[in-house]
Amino acid sequence: MATGSRYSCYYVKEDVSNTTPASAKFTPFRVTSSGLDINIATLESEELRDDAETADFRLGARSVEGTVTGEMSFGTFDDLIAAALRGEWQDNVLKGGIVRQSFTFVDYNADLPSGKYTIYRGCEVNSMTFSLSAENMTTVEFGIVGRSMEIAESLPSGATIKERTTTSPMDGFSGRLLEGGQEISVITEIGLTVENDIAPRFVVGSKFSIEPSAGRRAVTGTANVYFLDNKLRMKYLDELETSIKFDLIDPTNPEQKYTVEIPRVKFTEAPRPIDGEGDIMLNMGYRGLLDPTTASSIKITRVLAAA
């Protein structure tokens, strides 16, 4: 019987979509949960019969879909973060771009008697979500859309697995959070999502998708804020632009961090539900827009420790 305690996840960047590179060097994904799997459409005959039975049923077009989640740690997910932004790290700075990258993902269930490996190819990062909370580890979730899947007895020929990173998980109570350039200390949770609107494309003669389509990048997020005054509500009501910036700090080496910046932001909602006599919270929603100065709706700076 397969158990989560004996599960591992690996991935490698592909040079050609849907093709695992020769002698691939797989990177361990430090996973906490995974919903990556095959999605198969169904076909059912619409034949009308006097016995009220269904004449035929079969499986149809298929694609890989799901999410893979981990605790954010320094240097662990840099290549997947770049893929989510469709960009490339340049001098430790990453911005939104148009470069599409695909990966081969592997699920490994060590306690299965056979078919321990499930291999997903042609996988692109459709979405990425950072979740920061004052009381929890910081998590990052990648939404994946892929092209094909197979169950195998081993890794592809010549493949090896790298050592996993050992940096500690980040938390939500370290670092700074700035709104409109000013440090703010009343936010209890903040989330940031980047979506790429990637979708399968099916053609006659194949059960699997050709290279998926991709749409516009959407940068959105939420923030839960103690309702101290109306400053944020007025920015929402008056449609005033602001900015959001926060740090993701390596707890074992605070010199190492990521600074995530959405330089041009508009709030999209600001409800303040009242439920009982406890604290009233603002449930803010926000949207990142193209910033003319950075030429991107999002910017991530990677700060390395001094040598």
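Criteria and cut-off values
Residues numbered from 1 in each chain as written. Predicted model: local features only at pLDDT ≥ 70, side-chain atom pairs only at ≥ 80, totals over all residues. Heavy atoms only, no water. Disulfide = S-S within 2.5 Å. Buried < 20%, exposed > 50% of the residue type's maximum accessible area, 1.4 Å probe, protein only. Phe/Tyr/Trp six-rings, centres within 6.5 Å; stacked < 30°, edge-to-face > 60°. Helix = DSSP H or I, 4+ residues; strand = E, 2+ residues; numbered from the N terminus. Lys NZ or Arg CZ within 6 Å of the ring centre and 35° of its normal. Core = buried A, V, L, I, M, F, W, Y, C linked by side-chain atoms within 4.5 Å. Contact = heavy atoms within 4.5 Å. Patch = residues over 30% accessible without salt bridge, like charges linked within 9 Å, V, L, I, M, F, W, Y side chains within 5 Å. Areas by Shrake-Rupley, 256 points an atom, 1.4 Å probe, with all protein chains shown as cover. Salt bridge = Lys/Arg side-chain N within 4 Å of Asp/Glu carboxyl O.

Engineer: Would you take a moment to explain the state of the cysteines for this structure?
Structural biologist: Here a disulfide denotes a covalent bond joining the sulfur atom of one cysteine to the sulfur atom of another. In this structure the tally under the stated criterion is zero disulfides. Between Cys9, a free cysteine, and Cys123, which holds the nearest cysteine sulfur, the sulfur-to-sulfur gap is 9.4 Å. On the basis of relative accessibility, which here comes to 1%, the residue Cys9 falls in the buried class.

Engineer: Even after reading the chapter, I still don't get the packing of aromatic side chains, so can you show me in this structure?
Structural biologist: Given two aromatic rings, one states the distance between the centres and the angle between the planes to describe the pair. Overall, the coordinates contain ten aromatic pairs when judged by the stated rule. Centroid distance Tyr11 to Phe103: 6.0 Å. Interplanar angle 75 degrees. Geometry classified as edge-to-face. Taken together, the residues Tyr11 in strand E1 (residues 7-13) and Phe103 in strand E7 (residues 103-109) connect sequence positions 92 residues apart. Of the two residues, Tyr11 and Phe103, neither departs from the other in class, the shared state being buried. Within the aromatic cluster, the residues linked to one another by ring pairs are Tyr11, Phe29, Phe77, Phe103, Phe105 and Phe142. Here the guanidinium or amino end of Arg62 rests over the ring plane of Phe208, the centre of that ring lying 6.0 Å away. A cation over a ring is seen here: Arg302 above Trp89, with NZ or CZ 4.2 Å from the ring centre.

Engineer: Would you explain the nonpolar core in this entry?
Structural biologist: Nonpolar side chains in soluble globular proteins tend to end up buried together. Of all hydrophobic cores here, the largest spans 54 residues; its most connected members are Ile81, Phe105, Phe130, Phe142 and Ile300. Per element, the largest residue contribution to this core is six residues, and it comes from strand E8 (residues 117-133). Those residues in contact with Ile300, other than ones at most four positions away along the chain, are Ile81, Leu85, Trp89, Asn92, Val93, Leu94, Phe130, Tyr258, Thr259 and Val260. Tyr10, Val12, Val106 and Ala152 belong to the second largest nonpolar core, which has ten residues in total.

Engineer: Hey, could you run me through the side chain of Ser127 in this one?
Structural biologist: Within the secondary structure layout, Ser127 lies in strand E8. Since its relative accessible area comes to 15%, Ser127 is described here as buried. Not counting chain neighbours up to four residues away, the residues in contact with Ser127 comprise Glu141, Phe142, Gly143, Val194 and Glu195.

Engineer: Could you clarify how one ought to interpret a nonpolar patch on the surface in this entry?
Structural biologist: Residues Met234, Tyr236 and Leu237 make up a contiguous nonpolar surface patch of roughly 280 Å² in combined accessible area. Looking at where Met234 falls in the secondary structure, it is placed in helix H2 (residues 231-237). The class for Met234 is partly exposed, based on a relative accessible area of 39%.

Engineer: Hey, could you run me through unusual backbone geometry in this one?
Structural biologist: A negative phi angle is the norm for most residues apart from glycine, just as the trans form is the norm for most peptide bonds. A positive phi angle, near 50 degrees, is found at Arg86, a position not held by glycine. For Arg86, the location among the structural elements is in the loop between helix H1 (78-84) and strand E6 (93-95). A positive phi angle, close to 55 degrees, is found at Asp197, a residue other than glycine. Mapped onto the secondary structure, Asp197 falls in the loop between strand E14 (187-195) and strand E15 (199-201).

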